[in-house]
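As a plain string of letters, each chain reads:
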Amino acid sequence: AAYAGSIGSYYLTRNASSMNGHGVDASLRANIVRRKDWDWNMGIVFSYNTNKIVDKKFDTSAITSSNKSFTPISIYDVNGFPSDEMYAFRNAGLDSTGSTMVYNSKGNKIGYSGTVYFKDLKAVGRRSAPYFGSWNTTVRYKNFSLYILATYQFGGVFQRPTVSNYITSYYSLN
């Protein structure tokens, strides 16, 4: 079946969920010194932003590792979580042949190459940091200015790079 606006593709990404969001932005700027030939000012910015999926139109609980494209990093928009939540397997070590084991939702060790369900994953945090902002300062002497800017972000997670170039059809699962 073809969806409107998707030539040669079977993905429908528009109007697939509803979400609530909220946040706050605050900015403070101060002139510390103001003289004829020189001045110094400073500013800070603080932002917080979050959202929560409240109505996903498609069920994610049926996703399993038997889907070739299934990787935890490719799952988005799960009811009750932020739209950019990241999911991960809980590592259970290696089996006697050196293959990766993971814990399923019941706490049992299972082979990663077997069937792993969405419920076996753990929500580990947001891909984009909910807290971010900056600090800046400018010092001016006559016609010369020095501007310094430092930015920050806190609360986000990322997946460390790993080997993903295996020469198999299931390289994204190895």
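A. Local environment of the confidence of the model for the protein. Residues at a pLDDT of 70 or more form 70% of the protein, whose mean pLDDT is 79. Predicted confidence for residues 1-6 stays below pLDDT 50, and this span has 5 contacts to residues more than four positions away or in other chains. Note on residues 66-70: pLDDT is under 50 here. Beyond four places in sequence and across chains, it has 12 contacts.

B. The arrangement of the environment of Asn136 in detail. Inspection of the secondary structure assignment puts Asn136 in strand 8 (residues 131-141). When its relative accessible area of 8% is taken as the criterion, Asn136 is described as buried. Apart from residues lying up to four places away in sequence, Asn136 is in contact with Arg29, Asn41, Met42, Gly43, Tyr147, Ile148 and Leu149. Of the polar contacts made by the side chain of Asn136, one reaches the side chain of Arg29; its length is 2.8 Å.

C. Summary view of the packing of aromatic side chains. Inspection of every chain in the model, using the stated rule, returns 4 aromatic pairs. On the basis of an interplanar angle of 40° and a centroid distance of 4.8 Å, the ring pair of Tyr48 and Tyr131 is categorised as tilted. Remark: Tyr131 occurs in strand 8 and Tyr48 occurs in strand 2 (residues 38-56); sequence separation between them is 83 residues. Take Tyr48: its relative accessible area is 23%, and that puts it in the partly exposed class. With 5.8 Å between their ring centres and 80° between their planes, Phe81 and Tyr87 make a pair best called edge-to-face. The exposure class assigned to Phe81 is partly exposed, which follows from its relative accessible area of 30%.

D. Broad picture of the sheet that holds strand 1 (residues 17-34). Judged by pairing direction, the sheet is antiparallel, and its 4 strands sit side by side in the order 1-2-8-9 without closing on themselves. Each having just a single partner strand, strand 1 and strand 9 (144-154) make up the two edges of the open sheet. This sheet shows a mean twist of 10° between the axes of neighbouring strands, independent of strand direction. Bridge count between strand 1 and strand 2: 17 bridges; the pairing is antiparallel. Note that in strand 2 the partner of Val33 across the bridge is Trp40.

E. Spotlight on the sheet that holds strand 4 (residues 90-94). Read across the sheet, 3 strands follow the order 4-5-6 without closing on themselves; strand pairing throughout is antiparallel. Since the sheet does not close on itself, it has two edges, and those belong to strand 4 and strand 6 (109-111), each with one partner. Within the sheet, the average angular offset between the axes of one strand and its neighbour, ignoring direction, is 40°. Summarising the sheet, strand 4 and strand 5 (residues 100-103) pair through 3 bridges and their orientation is antiparallel. Each residue of the ladder has a partner; that of Arg90, found in strand 5, is Tyr103.

Reading the values: the criteria
- Residues numbered from 1 in each chain as written.
- Predicted model: local features only at pLDDT ≥ 70, side-chain atom pairs only at ≥ 80, totals over all residues.
- Heavy atoms only, no water.
- pLDDT = per-residue confidence, 0-100.
- Contact = heavy atoms within 4.5 Å.
- Helix = DSSP H or I, 4+ residues; strand = E, 2+ residues; numbered from the N terminus.
- Buried < 20%, exposed > 50% of the residue type's maximum accessible area, 1.4 Å probe, protein only.
- Polar contact = N/O pair within 3.5 Å; in protein donor to acceptor, adjacent residues only side chain to side chain.
- Phe/Tyr/Trp six-rings, centres within 6.5 Å; stacked < 30°, edge-to-face > 60°.
- Pairing = 2+ DSSP bridges.
- Axes fitted to C-alpha atoms, helices over the stretch in contact; angles between N-to-C directions.

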